Amino acid sequence: MVSTEMTFDDRIRLSQLRNERLRSFFAQSLLHCAFHCDRHRTLIIHCPEAWIVDSSLTDLEKLCDYAWLILGVEAIALYFAREEICRVEQHRVHHASSSIRHRILRKSG
């Protein structure tokens, strides 16, 4: 019989793979950022440079869509120099997911 239960190491590796996948879509900006999901399912992104904040804000709608789909987050918070610059809450993230789902369905149909 094959065990299908995930170990702690399996969950950590899955989390790393999801983070890498998200980073791959935003390689220019997220490559230099540290990010993690907190216990409230908020994606916390720490930007080391001001231009990265600007780039992330420009791509915020797309970032919300991908973060919700890949990580299942309910909010996104951008930080620069230990200050929260922007926070996008759950209702915006879920609205964004319906937009991207519509585009995916339209392309596949």
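Residues numbered from 1 in each chain as written. Predicted model: local features only at pLDDT ≥ 70, side-chain atom pairs only at ≥ 80, totals over all residues. Heavy atoms only, no water.

1. Things to note about unusual backbone geometry
Part 1: The residue alanine 81 is not glycine, and still its phi comes out positive at about 50°.
Part 2: Mapped onto the secondary structure, alanine 81 falls in the loop between strand S3 (75-80) and strand S4 (83-88).
Part 3: Not every positive phi belongs to a glycine, and arginine 82 is a case in point at roughly 65°.
Part 4: Mapped onto the elements, arginine 82 comes out in the loop between S3 and S4. (Helix = DSSP H or I, 4+ residues; strand = E, 2+ residues; numbered from the N terminus.)

2. A few points about the nonpolar core
Part 1: Residues Leu22, Leu30, Leu43, Ile45, Cys47, Leu63 and Ile76 are the most contacted members of the largest nonpolar core, which totals 22 residues.
Part 2: When residues of this core are traced back to their parent elements, those giving at least two are strand S2 (42-47), helix H3 (50-58), helix H4 (60-71), S3 and S4.
Part 3: Sorting elements by how many residues they give to this core places H4 first, with 7 residues.
Part 4: Dropping the residues within four chain positions of it, leucine 63 is found in contact with Leu22, Phe26, Leu30, Ile45 and Ile76. (Core = buried A, V, L, I, M, F, W, Y, C linked by side-chain atoms within 4.5 Å. Buried < 20%, exposed > 50% of the residue type's maximum accessible area, 1.4 Å probe, protein only. Contact = heavy atoms within 4.5 Å.)

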